[in-house]
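Each chain is listed here by its residues.
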Amino acid sequence: MDAPTQQEASSSAIEIGEITKVIAEKKGCGTAGCGSQASRNDLPAETWEKVKNHPCYSEEAHHHYARMHVAVAPACNIKCNYCNRKYDCANESRPGVVSERLTPEQAAKKVVAVASTIPQMTVLGIAGPGDPLANPERTFKTFELVREAAPDLKLCLSTNGLALPDHVDTIKKFNVEHVTITINMIDPMIGAKIYPWIFYKHKRYTGIQAAKILTDRQLQGVEMLDARGVLCKVNSVMIPGINDRHLLEVNKAVKSRGAFLHNIMPLISSPEHGTVFGLNGQRGPTARELKALQDGCEGEIRMMRHCRQCRADAVGLLGEDRRAEFTTEKIVEMNVKYDVERRKGYQAKLEEERAAKTAAKPSDLTKRANNGSHLKLLVAVATKGAGLINEHFGHAKEFQVYELSSGGAKFVGHRRVDLYCQGGYAEEGRLATIIEAVSDCHAVFIAKIGGRPSAELIKAGVEPVDQYAHEPIDKATIAWFEAYLDRVNSGTIQHEERGDAAIRPRALTSAV
Ligand code: CLF
Ligand code: SF4
């Protein structure tokens, strides 16, 4: 992605200022259970049961539980300017990736194979490669087959919402407990800049008329899901200069209609993706702009910040890519028996470990809250999952970003990076872009790091921290933050505010 121009940068500074004002008016996000970091005590028991092991609906769960998508839905009924239909639906998928299309029968076989191999895989989602509800027969047939073969899996789908009101009862019938709608606007004037056309009731609509129909159907869909007790997540693509400020209104509108969670994702646009926005130079937001908007929305509704804009055929923990283990060829050769009891046993053990970690948190947080510091800073963490600092700098495909304050360690996003180590050799050309991606952080936590990247991070003012290798992220980052405050208080170091970091579009050749 190109860096913002001076004009763009100054206009975004105004936006960040405006959004900060909104946060101040709302007195920040002090409410318990705010964000998808909600825990057992913040939610009604019935809702907690639905989200506790869904990696997208619970930030904490995404460290432990996996999801998979099956690409059974090729057609789409609308056109988004950030999508190139040669590729997958960009509403829940990065542009520039293509999935192998499956029949419902092939999909069900794949689900059984994956869930038998990965016992922490708890959710089957259908998110494309087109719109699942523009392909209702294939989508619901897949759900039917999976329901029979793997009854303990949660079912999930993601849609643009145009056809949703026609299918809400079927969604309920198949016990699909989680539905995502991508809502980028509630103002048709803005919608006309995002959607050139829709196809509705055998007719093509364009411009404001198309956007009006789409927004009415989407908001109706949110209300209908809420009335039937189906958890609704809203995804929004942040498009600077088009819908960025407007997403504050979208946030209020979906909250008032019963949406459970709001996921604001950055536009990923690059000319090589061949999308309208990619070709006309529309930029995506910077990390700082995205965070400011997410912070501004947070008092209204739980915000999701750990989305990986994954593929329509994604398999594994969020941010992990295990598709290569489950190609059609490999699945034919696999001799699997779906064992619900074994899966339950594995997950029960996982829950025990998770409960132990949660029980250990309050004393850490109480200690922090007593410190009285007003400082807030970001740190980046290299992790393979399980909530641990367990990845080497050179092997990290992404860094998870935490905001540290007297309130504790709060997950606020992630930064994708290209691998520094490839086949045992360091790719020196990549080091600068990796450091740029975490340049707004005060420290990077890693299990191990080499001399050169360590020296370059220090030169960039980012502290490499490897003394907490394989320890829990919360505990380690809080301990480091305490030591940091001591260093500031004793005058050993001076606290400095950090600038912005870029969110770069992912290279077309990247594996995840
Ligand atoms: Fe898939 Fe989406 Fe269900 Fe999750 S993804 S259909 S809710 S199971 Fe999750 Fe992937 Fe983000 Fe989607 S990280 S793109 S939000
Ligand atoms: Fe592309 Fe998805 Fe939009 Fe359809 S709904 S045009 S597949 S991004």
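These numbers were taken from a predicted model, which means no experiment stands behind them. (Residues numbered from 1 in each chain as written. Chains lettered and ligands numbered in written order. Predicted model: local features only at pLDDT ≥ 70, side-chain atom pairs only at ≥ 80, totals over all residues. Heavy atoms only, no water.)

1. A look at the sheet that holds strand β3 (residues 121–126)
Sheet strands associate in pairs through backbone hydrogen bonding, adopting either a parallel or an antiparallel arrangement.
Thinking step 1. Judged by pairing direction, the sheet is mixed, and its 8 strands sit side by side in the order β10-β9-β8-β5-β4-β3-β1-β11 without closing on themselves. The open sheet has two edge strands with one neighbour each: β10 (302–304) and β11 (315–316).
Thinking step 2. Sheet analysis places strand β9 (residues 261–266) next to β10, joined by 3 bridges and oriented parallel. Its bridge partner lying in β10, leucine 261 is registered against arginine 302.
Thinking step 3. Strand contacts of helix α10 (residues 287–297): β8 (231–238), β9 and β10, with the helix running at about 165° to β9, the strand carrying the most contacts. (Pairing = 2+ DSSP bridges. Helix = DSSP H or I, 4+ residues; strand = E, 2+ residues; numbered from the N terminus. Contact = heavy atoms within 4.5 Å. Axes fitted to C-alpha atoms, helices over the stretch in contact; angles between N-to-C directions.)

2. Focus: the nonpolar core
Side chains of nonpolar character tend, in soluble globular proteins, to be buried together.
Thinking step 1. Counting residues in hydrophobic clusters, the biggest one holds 58 residues, and the most contacted among them are Val70, Met121, Leu124, Phe143, Leu153, Ile171 and Val179.
Thinking step 2. For this core, the leading source of residues is helix α3 (residues 104–117), giving 7 residues.
Thinking step 3. The residues touching valine 179, leaving out its near neighbours within four places in the chain, are Tyr57, Leu157, Thr159, Leu164, Ile171, Leu225, Val230, Leu231, Cys232 and Lys233.
Thinking step 4. Ranked by size, the runner-up nonpolar core spans 33 residues in total, among them Cys80, Tyr195, Leu231 and Ile239. (Core = buried A, V, L, I, M, F, W, Y, C linked by side-chain atoms within 4.5 Å. Buried < 20%, exposed > 50% of the residue type's maximum accessible area, 1.4 Å probe, protein only.)

3. A closer look at the site of ligand 1
Thinking step 1. Residues in close proximity to ligand 1 total 15 residues, the closest being Cys56, His69, Cys156, Cys307 and Cys310.
Thinking step 2. Class assignment for the residues of the shell around ligand 1 results in 7 nonpolar, 5 polar and 3 charged. (Near = heavy atom within 4 Å. Nonpolar A, V, L, I, M, F, W, Y, C, P; charged D, E, K, R; others polar.)

4. Description of the sheet that holds strand β14 (residues 408–416)
Thinking step 1. The mixed open sheet is built from 5 strands, whose spatial order is β14-β13-β12-β17-β18. This sheet does not close on itself; its edge strands, each paired only once, are β14 and β18 (463–465). Each strand axis lies, on average, 25° off the axis of its neighbour in the sheet, ignoring direction.
Thinking step 2. In this sheet, strand β17 (residues 443–445) lies alongside strand β12 (residues 377–381) in parallel orientation, the contact comprising 3 bridges. Across the sheet, the residue bridging to alanine 380 is valine 444, located in β17.

5. Side note on the packing of aromatic side chains
Thinking step 1. Evaluation of the coordinates by the stated rule reveals 9 aromatic pairs.
Thinking step 2. Between the aromatic rings of phenylalanine 445 and tyrosine 468, the centroid separation amounts to 6.1 Å while the plane-to-plane angle is 35°, which identifies the pairing as tilted. Taken together, the residues phenylalanine 445 in strand β17 and tyrosine 468 in the loop between β18 and α15 (473–489) connect sequence positions 23 residues apart.
Thinking step 3. The buried category is assigned to tyrosine 468, whose relative accessible area is 16%.
Thinking step 4. Feature note: the residues Phe445, Tyr468, Trp480 and Tyr484 constitute an aromatic cluster, connected by ring pairs. (Phe/Tyr/Trp six-rings, centres within 6.5 Å; stacked < 30°, edge-to-face > 60°.)

6. So, the pattern of salt bridges
Thinking step 1. Applying the stated criterion to the full structure yields 25 salt bridges.
Thinking step 2. Here glutamate 398 ties to arginine 308 by a salt bridge, and the two come within 2.6 Å at their closest N and O atoms. Taken together, the positions of glutamate 398 in strand β13 (residues 398–405) and arginine 308 in the loop between β10 and β11 put the pair 90 residues apart, joining distant regions of the chain.
Thinking step 3. Overall, the relative accessible area of 10% leaves glutamate 398 in the buried class.
Thinking step 4. Look at arginine 308 and you get buried, because its relative accessible area is 3%.
Thinking step 5. Between lysine 459 and glutamate 456 there is a salt bridge, and its shortest N-O distance comes to 3.4 Å. Taken together, the residues span about one helical turn, with lysine 459 and glutamate 456 both in helix α14 (residues 451–459) at a distance of 3 residues.
Thinking step 6. Taking relative accessible area as the criterion, lysine 459 reaches 67% and is therefore assigned exposed.
Thinking step 7. Taken together, the shared-partner salt bridges connect Lys291, Asp295, Glu298, Arg305, Glu403 and Lys410 into one network. (Salt bridge = Lys/Arg side-chain N within 4 Å of Asp/Glu carboxyl O.)

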